[in-house]
Amino acid sequence: MPTDAVERFLAALDPEHREAVVARSREERERLAAAWEEELASDDELDTLDELSPPAAEAEAARRVLERGGG
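Notes on the structure in this doc start here. (Residues numbered from 1 in each chain as written. Predicted model: local features only at pLDDT ≥ 70, side-chain atom pairs only at ≥ 80, totals over all residues. Heavy atoms only, no water.)

**Considerations on the side chain of R64**
Item 1. Along the chain, R64 falls in helix α5 (residues 54-69).
Item 2. The exposure class assigned to R64 is buried, which follows from its relative accessible area of 15%.
Item 3. Filtering out sequence-adjacent residues up to four positions away, R64 remains in contact with E39, D43, E45 and L46. (Helix = DSSP H or I, 4+ residues; strand = E, 2+ residues; numbered from the N terminus. Buried < 20%, exposed > 50% of the residue type's maximum accessible area, 1.4 Å probe, protein only. Contact = heavy atoms within 4.5 Å.)

**Focus on the nonpolar core**
Item 1. Counting 15 residues, the largest nonpolar core has F9, L13, V21, L32, W36, A62 and L66 as its most contacted members.
Item 2. Of all elements in the fold, only α1 (5-12), α3 (26-42) and α5 reach the threshold of two or more residues within this core.
Item 3. With residues up to four places along the chain from it excluded, the contact list for V21 reads F9, L10, L13, R29, L32 and L66. (Core = buried A, V, L, I, M, F, W, Y, C linked by side-chain atoms within 4.5 Å.)

**Considering the packing of helix α4 (residues 44-52) against α5**
Item 1. One way to put it is that α4 packs onto α5 with a least axis distance of 6 Å and a crossing angle of 145°. Contacts between α4 and α5 involve E45, L46, L49, D50 and L52 from the former and P54, A56, A57, E60, A61 and R64 from the latter.
Item 2. Residue composition of the contact of α4 with α5, grouped by class: 7 nonpolar, no polar and 4 charged. (Axes fitted to C-alpha atoms, helices over the stretch in contact; angles between N-to-C directions. Nonpolar A, V, L, I, M, F, W, Y, C, P; charged D, E, K, R; others polar.)

**Description of the environment of A59**
Item 1. Mapped onto the secondary structure, A59 falls in helix α5.
Item 2. For A59 and D4, which are 55 residues apart along the polypeptide, the C-alpha to C-alpha distance reads 16 Å.

Here it is in structure tokens:
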């Protein structure tokens with residue numbers, strides 16, 4: 001399992017979005033990964049989903065971050 005926040009964020013993305021994010025600068029990937037971690041930590045709905053399926057919660061948080069960040 002990836003331990004780096006950027007690697008974990010990339011792993012949570014579907015393949016199409018992963019390719020698009022990998023094409024961005026390292027700084028942009030780090031910014032998106034930080035936003036993703038914040039989304040996971042701050043959203044109560046994701047806490048509930050995380051109890052049922054951590055990968056689903058991570059994927060949902062990644063989707064939300066990309067929607068807001070122009071993914």
